[in-house]
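In case you want the letters, here they are:
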Amino acid sequence: MSKQRNNIIELGRFIYSLLVVGYHIQLSYDEEDKSVDPFECGALAVEYYFFLSGYFLARLLEKLSLDNKMSFIKKYYTFMKNKIKALLTVHFIAIIAILIIIACCDKKNFVNKLLPGITSIFLVQMAVVYHGDFEKALIVPEWYLSSMIICMLIMVPIFLAFRKLMKGVFVVLILLGVLAIFAVVFILITKMKLKKNMIFDMRAWGEMNLSMFSYYLSLYIEKQTYSNGINILLKIVEIVAYCIPVILGIIPISANNEPICMTITGACAFVAIFITFSKKGNIIKSEKANYIFGYLGSISLPIYIFHPVIIDLIDYVWIPCPKYAKYLIVFFSALALALLYRIIADFLNKKIEERKKRKEEEKNKEKINEIGEIDENINVNENKDGSDSKNNLKLI
């Protein structure tokens, strides 16, 4: 794992992905069940992901803006291509799986479920709102990915354009201003009746935008020298900031308190992220622990995307049993599928890399052979020239 990334962040990604799984399991219960269950506020985990995305967005855009070799268009294209490419494989696997499940278990409603969900196949359900309800997507939790992509499509070119004129932290303020303009315009157009899609898109923009400040704050804090007492305090605050949202997401709290829990999570995520990346927090020195945490973080996206497929399958073939059984089945199935995906992906990536190396070696050999043939031809020509000159001398 990269030494530049503190893998406590990756452990957080894994744990928060499990909160989302628990949240969607309890949502799948009978609506008549009014009991307050664990993970009622598990949706707050999305705030962590938006804030983490905002930090990395600022860091990567700063790096791109300093690259004078690439054009503006190429920078924009490269950023969006890499972002979407990282999501597509696991996304399409989940989409194909859910379509197969619906085709096998609910043939009569296949078309009725497919048509409203077409936008989700292309991860644009949060931009194309002709049905006005992102919950008709084939995989509902992917609204987070769709919102993130649509916001970045707008935020990235604005940042790259203004970054040439001013410091990045001021560009982040401009982005907040652009969001405020969008909000006012859409509120006036819709007369305060914003679609849920639009509200969630603004939420995504706002949270990523605010978290971009955490990048600049982490750079500032990193350069400072503090007393041992302050350093210990920062380490304690970091751990508390990571743990509070996890506790709120697990314990049985009424969903009515979800907005409060999400606000607390956003604040905690901001604090935890800037402390971690300022290198003033808890640093994992064990290589094994770093590797394990990094590995767990790498399967958080497959867990996030695959678990709705498992829940849908269970709902179609479900045999009544205790609630805890559904939790256990979904949690372990999602984890197993994510691990399987990671193993297969690693194997295929290894084979691809080996194939590339073989091709490069073959090309290098061909070049060497070509150079050798050229050298031989030169030597032959020199020998001919030498023998010809000798013959000419004899004749003279």
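Up top is the structure.
Residues numbered from 1 in each chain as written. Predicted model: local features only at pLDDT ≥ 70, side-chain atom pairs only at ≥ 80, totals over all residues. Heavy atoms only, no water.

Enquirer: Hey, could you run me through the environment of I311 in this one?
Expert: Within the secondary structure, I311 sits in helix α11 (residues 300-317). I311 gets classed as buried once you look at its relative accessible area, which sits at 5%. The sequence separation of I311 and V21 amounts to 290 residues, and the corresponding C-alpha distance is 9.3 Å. Beyond its immediate sequence surroundings of up to four residues, I311 is in contact with H24, I25, S28 and V330. (Helix = DSSP H or I, 4+ residues; strand = E, 2+ residues; numbered from the N terminus. Buried < 20%, exposed > 50% of the residue type's maximum accessible area, 1.4 Å probe, protein only. Contact = heavy atoms within 4.5 Å.)

Enquirer: Is there a simple way to explain the pattern of salt bridges in this structure?
Expert: Where charged atoms of side chains with opposite charge meet at close range, the side chains can pair. According to the stated counting rule, one finds 10 salt bridges in the structure shown. Notably, a salt bridge pairs E222 with K279, separated by 3.5 Å at the nearest N-O pair. Separated by 57 residues along the polypeptide, E222 in helix α7 (residues 196-223) and K279 in the loop between α9 (258-277) and α10 (287-298) bring together distant segments of the chain. For E222, a relative accessible area of 33% corresponds to the partly exposed category. D315 serves as the salt-bridge partner of K326, at 2.8 Å between the closest nitrogen and oxygen. Here D315 lies in helix α11 and K326 lies in helix α12 (residues 323-395), a separation of 11 residues in the sequence. Sharing partners across several salt bridges, the network here consists of E47, R203 and E207. (Salt bridge = Lys/Arg side-chain N within 4 Å of Asp/Glu carboxyl O.)

Enquirer: What am I meant to see in a nonpolar patch on the surface here?
Expert: Judged by side-chain polarity, I232, I236, V240, I244, I260 and I264 come together as a nonpolar surface patch covering roughly 490 Å² of accessible area. Listing elements by their share of the nonpolar patch, those giving two or more residues are α8 (228-250) and α9. The element best represented in the nonpolar patch is α8, accounting for 4 residues. Among the secondary structure elements, I260 is positioned in helix α9. (Patch = residues over 30% accessible without salt bridge, like charges linked within 9 Å, V, L, I, M, F, W, Y side chains within 5 Å. Areas by Shrake-Rupley, 256 points an atom, 1.4 Å probe, with all protein chains shown as cover.)

Enquirer: Would you mind going over the side chain of S120 with me for this structure?
Expert: Positionally, S120 belongs in helix α4 (residues 110-121). Look at S120 and you get buried, because its relative accessible area is 0%. Once you skip the residues sitting within four places of it in the chain, S120 turns out to touch H91, I95, Q125, A137, L138, I139 and E142.

Enquirer: What exactly am I supposed to notice about the packing of helix α5 (residues 143-163) against α7 here?
Expert: Relative placement of two packed helices is described by the angle separating their axes and the distance separating the axes. Taken N-terminus to C-terminus, the directions of α5 and α7 make an angle of 60°; their axes are 9 Å apart at the nearest point. The orientation of α5 with respect to α7, classified from their angle, is oblique. Along this stretch, α5 crosses α7, giving a crossing that reads as right-handed. Contacts between α5 and α7 involve W143, S147, M148, I150, C151, M152, I154, M155 and F159 from the former and F200, D201, R203, A204, W205, M208, N209, M212 and Y216 from the latter. Its residues assigned to classes, the contact of α5 with α7 comprises 14 nonpolar, 2 polar and 2 charged. (Axes fitted to C-alpha atoms, helices over the stretch in contact; angles between N-to-C directions. Parallel < 35°, antiparallel > 145°, perpendicular 65-115°, else oblique. Left-handed = near helix turned anticlockwise from the far one by under 90°. Nonpolar A, V, L, I, M, F, W, Y, C, P; charged D, E, K, R; others polar.)

Enquirer: Honestly, α10 in this entry has me stumped. Any pointers?
Expert: Since there are 3.6 residues in each turn of an α-helix, residues three or four apart along the chain are aligned in direction. With 12 residues, α10 should reach 16 Å at 1.5 Å per residue; the first-to-last C-alpha distance of 16 Å fits that figure. Those residues of α10 that sit buried are N290, G294, Y295 and G297. Here the buried residues of α10 occupy an arc of 160° about the axis, which is enough to place them on one side. (Expected span 1.5 Å × (residues − 1). Arc of directions from axis to C-beta.)

Enquirer: Got a minute to help me understand the packing of aromatic side chains in this structure?
Expert: Each aromatic ring pair is characterised by the separation of its centres together with the angle its planes make. Enumeration according to the criterion identifies 21 aromatic pairs in this entry. Centroid distance F39 to Y327: 5.7 Å. Interplanar angle 35°. Geometry classified as tilted. Of the two residues, F39 is situated in the loop between α1 (8-27) and α2 (45-65) and Y327 in helix α12; the sequence distance between them amounts to 288 residues. Of the two residues, F39 and Y327, neither departs from the other in class, the shared state being buried. On the basis of relative accessibility, which here comes to 13%, the residue F39 falls in the buried class. (Phe/Tyr/Trp six-rings, centres within 6.5 Å; stacked < 30°, edge-to-face > 60°.)

Enquirer: Looking at this structure, how should I read a positive patch on the surface?
Expert: Taken together, R355, R358, K359, K363 and K367 make up a surface patch of like positive charges. Structurally, R358 is set in helix α12. Residue classification places R358 among the partly exposed residues on the basis of a relative accessible area of 46%. (Lys, Arg positive; Asp, Glu negative; His and termini not counted. Charge placed at Lys NZ, Arg CZ, Asp CG, Glu CD.)

Enquirer: Explain a negative patch on the surface here, please?
Expert: On the surface, E353, E360, E361, E362 and E366 cluster together to form a negatively charged patch. With respect to the helices, strands and loops of the structure, E366 is situated in helix α12.

Enquirer: Sorry, what's going on with the nonpolar core here?
Expert: Looking at soluble globular proteins, one finds that nonpolar side chains tend to be buried together. With 102 residues, the main nonpolar core has L61, Y144 and M212 as its most contacted residues. Here this core takes 13 residues from α2, the largest share from any one element. Look past the residues within four positions of L61 in its chain and what remains in contact with it is F79, V156, F159, L160 and M212. (Core = buried A, V, L, I, M, F, W, Y, C linked by side-chain atoms within 4.5 Å.)

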